[in-house]
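# Structure at a glance
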Amino acid sequence: MMAKFEITLERLEKVAHDIVLEMNDGLSGKQSSLLMLSTYIHKLPKNNENGKYLALDFGGSTFRVISIKLQSNEDPIIKSKTFEMDNRMKSVPGHELFDHLATCVANSMENDFLGSESVSQLNLYYVNKFCKSSFTCLL
């Protein structure tokens, strides 16, 4: 029975090679069995960044709202709240899902992140681990 799960080093190297080829094809826009989005970091942080940021991480089974406060030469202050996405929310119409996500964000900001603090502007970052294409959304 265990022989079914054994793999030779040669076969493992072939699988690794094929995965790299598929990733390269996906990133170059060619047909690929992997969904790939071309992303990169164009500028590394210098530890002098300032500002308040909000990140939304929607992974399918959970939705995380993350508040990040950066102050020059100090450790970032990161607060996070995770919401479980039950099976019902996975099958509702899009407008109902996004209404629910907006309520999660509003409650997190009001109850967990800001308190009595006022914020006039936040940079917003959205992470979707299962997206098939990228798009721009103007708010």
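Residues numbered from 1 in each chain as written. Predicted model: local features only at pLDDT ≥ 70, side-chain atom pairs only at ≥ 80, totals over all residues. Heavy atoms only, no water.

The next point concerns a nonpolar patch on the surface. A cluster of nonpolar residues, Ile-7, Leu-9, Leu-12, Val-15, Ile-19, Val-20, Met-23 and Leu-34, forms a patch on the protein surface that exposes about 650 Å² of accessible area. Structurally, the position occupied by Leu-12 is in helix α1 (residues 9-27). (Patch = residues over 30% accessible without salt bridge, like charges linked within 9 Å, V, L, I, M, F, W, Y side chains within 5 Å. Areas by Shrake-Rupley, 256 points an atom, 1.4 Å probe, with all protein chains shown as cover. Salt bridge = Lys/Arg side-chain N within 4 Å of Asp/Glu carboxyl O. Helix = DSSP H or I, 4+ residues; strand = E, 2+ residues; numbered from the N terminus.)

Applying the stated criterion across every chain yields a total of three aromatic pairs. An aromatic cluster of at least three residues, connected via ring pairs, comprises Phe-58, Phe-63 and Phe-83. (Phe/Tyr/Trp six-rings, centres within 6.5 Å; stacked < 30°, edge-to-face > 60°.)

Once that is clear, we can look at the pattern of salt bridges. A full pass over the atoms with the stated rule returns three salt bridges. Between Asp-18 and Lys-14 there is a salt bridge; the shortest N-O distance is 2.9 Å. Remark: Lys-14 and Asp-18 occur in helix α1; sequence separation between them is four residues, near one turn of the helix. Lys-14 sits in the partly exposed class, given a relative accessible area of 41%. Measuring nitrogen to oxygen at the nearest pair gives 3.1 Å for the salt bridge that ties Glu-96 to Arg-88. (Buried < 20%, exposed > 50% of the residue type's maximum accessible area, 1.4 Å probe, protein only.)

This paragraph deals with the nonpolar core. By size, the foremost hydrophobic cluster in this structure holds 15 residues, and its most contacted members are Leu-54, Leu-56, Phe-63, Val-65, Met-85, Leu-97 and Val-105. Among the elements of the structure, β1 (51-58), β2 (62-70) and α2 (94-114) are those that each provide at least two residues to this core. With six residues, the single largest contributor to this core is α2. (Core = buried A, V, L, I, M, F, W, Y, C linked by side-chain atoms within 4.5 Å.)

It is worth spelling out the confidence of the model for the chain at this point. On average, residues of the chain score 81 in pLDDT, and 83% of them are at 70 or above. Confidence drops under a pLDDT of 50 for residues 131-139, and excluding neighbours within four residues, the segment shows six contacts in the predicted structure. (pLDDT = per-residue confidence, 0-100. Contact = heavy atoms within 4.5 Å.)

Structurally, Ser-108 can be placed in helix α2. With near-sequence residues (within four places) excluded, Ser-108 lies in contact with Val-65, Lys-81, Phe-83 and Phe-113.

For the rest of this paragraph, the subject is the environment of Asn-107. On the secondary structure map, Asn-107 appears in helix α2. Spatially, the C-alpha atoms of Asn-107 and Val-65 are 10.0 Å apart, while their sequence positions differ by 42 residues.

If a strand is regular, its side chains alternate between the two faces of the sheet. Where β1 and β2 come together, eight bridges link them in antiparallel fashion. Bridge pairing links Gly-51 to Leu-70 in β2. Linkage of β1 to β2, two consecutive antiparallel strands, is achieved through a turn of three residues, within which Gly-60 is found at a positive phi near 105°. Of the strand pairs in this sheet, β2 and strand β3 (residues 77-84) are connected by eight bridges, and their pairing is antiparallel. Across the sheet, residue Val-65 finds its bridge partner in β3, namely Lys-81. Count of turn residues in the β2/β3 antiparallel hairpin: six residues, of which Asn-73 carries a positive phi of about 60°. (Pairing = 2+ DSSP bridges.)

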